[in-house]
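# Architecture at a glance
Listed below are the residues making up each chain.
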Amino acid sequence: MTTTNDTTQPEVYARNLTYLHYGLDKNAEAALIDISFSLPKGSRTILVGANGAGKSTLLQILAGKRLISQEGTEVCIKGRDVFRQYPPGITFLGTEWAMNPVVRGDIVVRDFLNSVGGYRHKARRDQLLDILDVDLDWHMHNVSDGERRRVQLVMGLMGEWDVLLLDEVTVDLDVLVRDDLLTFLKKDSEERGATVLYATHIFDGLDNFPTHVAHMRLGKFVTLPEPWESFTDVVSGSKSRLYSVALQWLKEDREHRRELENNGRKRRGAQKQDVPSDSETFYKKYDYSH
């Protein structure tokens, strides 16, 4: 496992972080297992990992959306404990927002943004409205998921954030809007020393964005946040370099999981005899008429 060699005071820091989702079977594996890492101020880190690696859980904990009470665990942002003294200037943007029935109601975008303080951040709000190509006269119930996502990004980014936690929120954006947004975030980070932690499965067009990359697998870091410039030996061909790094890591993740399955872990995919072969047993099992 690699480590990050940074002697400055970290902007984001976690030590001995383990998390198990409540309500799961007692034998279920923890979503995060003894996580320890740090991020320097002004860094832009891409989190790479397969579905279920723990990326979203980690971001939600950093955002204060999940409580950790385990003794010996430390999770700090800007030098403050996120569980007991949550710091200001933290913005979390996740995919669940667009599913909220409130933001899918018949409300005009102009009124919605004003209701969450858009008038206090007019300059940045207007810049983001142009970048994300948002129409203030849109009705939230009558736009596409991608357009609704653009409104969320305007809302979340119009205030001057210090630490930005992004969980797959660019998945609904077209490639042009996504590129313009990433250009804005990079410039904002460089000019103000703001920090970005970004979990995504879309790696094309990202080569010039990160300062660090990290790899998570099954609730652990395989590669802690490392300077992106150190990844110089990847032969990418026609693909982006970050795409090639992520693809290689994800292939290794799949092979690792298959090795665990060969040693007794529950196997994914098709299973033998998952449907009864004789008709009498089949209809007894799948007869829902009663």
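First things first, this report covers the structure right here in the doc. Owing to the predicted nature of the structure, the values given are computational and were not obtained by experimental measurement.

## Quick notes on the nonpolar core
With 45 residues, the main nonpolar core has I46, L132, L157 and L185 as its most contacted residues. When residues of this core are traced back to their parent elements, those giving at least two are strand 3 (44–48), helix 2 (109–115), helix 3 (122–131), helix 4 (145–157), strand 7 (163–167), helix 5 (175–192), strand 8 (195–199) and helix 6 (241–262). Counting residues per element, this core draws most heavily on helix 5, at 5 residues. Filtering out sequence-adjacent residues up to four positions away, L157 remains in contact with L93, R124, L128, L164, L181 and L185. If you look at the next biggest cluster of nonpolar residues, it comprises 31 residues, including I35, L58, V75 and L197.

## Some details on the pairing of strand 8
Counting buried positions along strand 8 gives 5 out of 5 residues, so the element sits mostly inside the fold. Every second residue of strand 8 is oriented toward a common face, with T195, L197 and A199 on one face and V196 and Y198 on the other, all of them buried. Pairing geometry for strand 3 and strand 8, over 4 bridges, is parallel. Note that in strand 8 the partner of L47 across the bridge is A199. With 5 bridges connecting them, strand 7 and strand 8 associate as parallel partners. In the sheet register, L165 faces strand 8, and the bridge partner there is L197. The handedness of the strand 7 to strand 8 crossover, carried by helix 5, is right-handed.

## Focus on unusual backbone geometry
Across the chain, the bulk of peptide bonds are trans and the bulk of non-glycine residues have phi less than zero. In this structure, D34 takes a positive phi of about 50 degrees despite not being glycine. Position of D34 among the secondary structure elements: in strand 2 (residues 32–40). According to the relative accessible area criterion, D34 is partly exposed, its value standing at 46%. Residue L218 is not a glycine yet carries a positive backbone phi of 50 degrees. Along the chain, L218 turns up in the loop between strand 9 (212–217) and strand 10 (220–227). Exposure remark for L218: the relative accessible area of 26% places this residue in the partly exposed category.

## With respect to the pattern of salt bridges
Applying the stated criterion across every chain yields a total of 18 salt bridges. For R84, the salt bridge goes to D81, with nearest N and O atoms at 2.8 Å. Judged by relative accessible area, R84 falls into the exposed class, the value being 62%. The closest approach of N and O atoms between R149 and D172, which form a salt bridge, is 3.0 Å. With a gap of 23 residues between them, R149 in helix 4 and D172 in the loop between strand 7 and helix 5 connect regions that are remote in the sequence. When salt bridges that share partners are traced, they join R104, D145 and R148 into one network.

## Observations regarding helix 3
By the burial criterion, the buried members of helix 3 are R124, R125, L128, L129 and I131. Burial along helix 3 is one-sided: seen end-on, the buried residues are contained in an arc of 165 degrees. Within helix 3, the exposed residues directed more than 90 degrees away from the buried face are A123 and D130. Phi turns positive one or two residues past the end of helix 3, at D133, with a value near 55 degrees.

## Observations concerning the sheet that holds strand 10
The strand order across the open sheet built from 6 strands is 6-7-8-3-9-10, with neighbouring strands paired in mixed fashion. What marks the edges here is a single partner per strand, and that holds for strand 6 (90–94) and strand 10. Recorded for the sheet is a direction-independent mean angle of 15 degrees between the axes of neighbouring strands. In terms of strand pairing, strand 9 meets strand 10 through 5 bridges, oriented antiparallel. Each residue of the ladder has a partner; that of M216, found in strand 10, is F221. Across the face of the sheet, helix 1 (residues 55–62) comes into contact with strand 3, strand 6, strand 7, strand 8, strand 9 and strand 10 while running at roughly 150 degrees to strand 7. Contacting strand 3, strand 9 and strand 10, helix 6 runs over the sheet at an angle of about 15 degrees to strand 9.

What counts, and where the lines are drawn
- Residues numbered from 1 in each chain as written.
- Predicted model: local features only at pLDDT ≥ 70, side-chain atom pairs only at ≥ 80, totals over all residues.
- Heavy atoms only, no water.
- Core = buried A, V, L, I, M, F, W, Y, C linked by side-chain atoms within 4.5 Å.
- Buried < 20%, exposed > 50% of the residue type's maximum accessible area, 1.4 Å probe, protein only.
- Helix = DSSP H or I, 4+ residues; strand = E, 2+ residues; numbered from the N terminus.
- Contact = heavy atoms within 4.5 Å.
- Pairing = 2+ DSSP bridges.
- Right-handed = clockwise from strand over helix to strand, strands pointing away.
- Salt bridge = Lys/Arg side-chain N within 4 Å of Asp/Glu carboxyl O.
- Arc of directions from axis to C-beta.
- Axes fitted to C-alpha atoms, helices over the stretch in contact; angles between N-to-C directions.

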